[in-house]
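Notes for the structure review
Residue-level listing of the chains:
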Amino acid sequence: MFVSVPDERLDLVKSLLLDLSRMGGVEILYDDKVKNFVVDPKNQNPYQALKVVSVIRAIGLGVPVSDALKLMGEEVMMDVIDLKEIANSRDNMTRVKGRIIGEGGKTKKIIQEYTGVSVVISGHYVTLLGNYEQIPIAKKALELLVRGREHSTVYKYLDRAEQQLIRYRSSYKGRPLL
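Treat the numbers as computed from the prediction; the structure is a model and nothing was measured.

1. Notes on helix H5 (residues 106-115)
Spacing of three or four residues puts side chains on the same side of an α-helix, whose turn is 3.6 residues. Looking only at H5, the buried set comprises Thr 107, Ile 110, Ile 111 and Thr 115. Down the axis of H5, the smallest arc covering the buried residues is 110°, so these residues share one side. Where H5 is buried, its residues meet helix H4 (90-101), strand E5 (118-122), helix H6 (135-146) and helix H7 (151-171). Positive backbone phi, approximately 75°, marks Gly 116, located one or two places after H5.

Here is the structure:
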């Protein structure tokens with residue numbers, strides 16, 4: 001499996017190769033010619049290799065190492081939104097990023113607090129790290145912002161989604177999930 005990262009993040013990833021190899025039970029090589037990392041599961045569990053690739057990709061996307069390493073567990077997943085697919089110009093991308101971040105970072109902080117999802121904006125990517133129940137909620141909130149919905153509408157959506165999730169979780173409490 002191959003994965004590449006921006007030049008400015010190469011040294012950081014290279015410094016973690018030994019630890020990532022050990023944690024994932026994989027072999028990781030860096031190919032200078034094509035500037036990518038090759039992750040080989042060494043005839044072990046390829047799922048572990050996919051996790052290591054996700055960690056490297058997350059670090060390349062600007063996610064702090066401590067958060068990216070959470071992808072090695074079973075509870076955390078990543079979703080990436082490419083703003084180039086949404087914004088058709090540099091000015092529009094700046095506007096969209098501004099809507100997601102909000103004044104003084106307020107909107108981004110509210111989305112993170114309501115959902116427990118880490119939101120990292122780097123370049124033209126928005127990276128979401130969180131559990132499988134919360135990622136879709138955070139992603140929908142971001143989509144509403146991108147489509148131009150009022151911030152108050154997005155906050156109301158987050159409040160409703162949180163209440164629905166609480167009700168859903170409590171309805172299954174104590175019952176086996178089969």
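2. Notes on H6
End to end, H6 covers 16 Å across 12 residues, agreeing with the expected 16 Å (1.5 Å per residue, within 8%). Among the residues of H6, those classed as buried are Ile 135, Ile 137, Ala 138, Ala 141, Leu 142, Leu 144, Leu 145 and Val 146. Its buried side turned inward, H6 meets strand E4 (77-82), H4, H5, strand E6 (125-130) and H7. Downstream of H6 by a residue or two, Gly 148 has a phi angle that is positive, lying close to 95°.

3. Here's the deal with the sheet that holds strand E3 (residues 36-40)
Hydrogen bonds between backbone groups are what pair the strands of a sheet, and the pairing can be parallel or antiparallel. Pairing within the open sheet is antiparallel, and its three strands lie in the order E1-E3-E2. Looking at which strands have only one partner, the edges of the open sheet turn out to be strand E1 (2-3) and strand E2 (27-31). Strand direction decides the pairing type here: E2 and E3, joined by five bridges, are antiparallel. What sits directly across from Tyr 30, in E3, is Phe 37.

4. Some thoughts on unusual backbone geometry
Located in the positive-phi region is Lys 35, a residue other than glycine, with phi close to 55°. With respect to the helices and strands, the residue Lys 35 is situated in the loop between E2 and E3.

5. Remarks on the packing of H4 against H5
Their axes nearest at 5 Å, the elements H4 and H5 cross at an angle of 55°. Classified by the angle their axes make, H4 and H5 are oblique. Contacts between H4 and H5 involve Arg 99, Ile 100 and Ile 101 on the former and, on the latter, Lys 106, Thr 107 and Lys 108. Residue classes in the contact of H4 with H5 are distributed as two nonpolar, one polar and three charged.

Thresholds applied
Residues numbered from 1 in each chain as written. Predicted model: local features only at pLDDT ≥ 70, side-chain atom pairs only at ≥ 80, totals over all residues. Heavy atoms only, no water. Buried < 20%, exposed > 50% of the residue type's maximum accessible area, 1.4 Å probe, protein only. Helix = DSSP H or I, 4+ residues; strand = E, 2+ residues; numbered from the N terminus. Arc of directions from axis to C-beta. Contact = heavy atoms within 4.5 Å. Expected span 1.5 Å × (residues − 1). Pairing = 2+ DSSP bridges. Axes fitted to C-alpha atoms, helices over the stretch in contact; angles between N-to-C directions. Parallel < 35°, antiparallel > 145°, perpendicular 65-115°, else oblique. Nonpolar A, V, L, I, M, F, W, Y, C, P; charged D, E, K, R; others polar.

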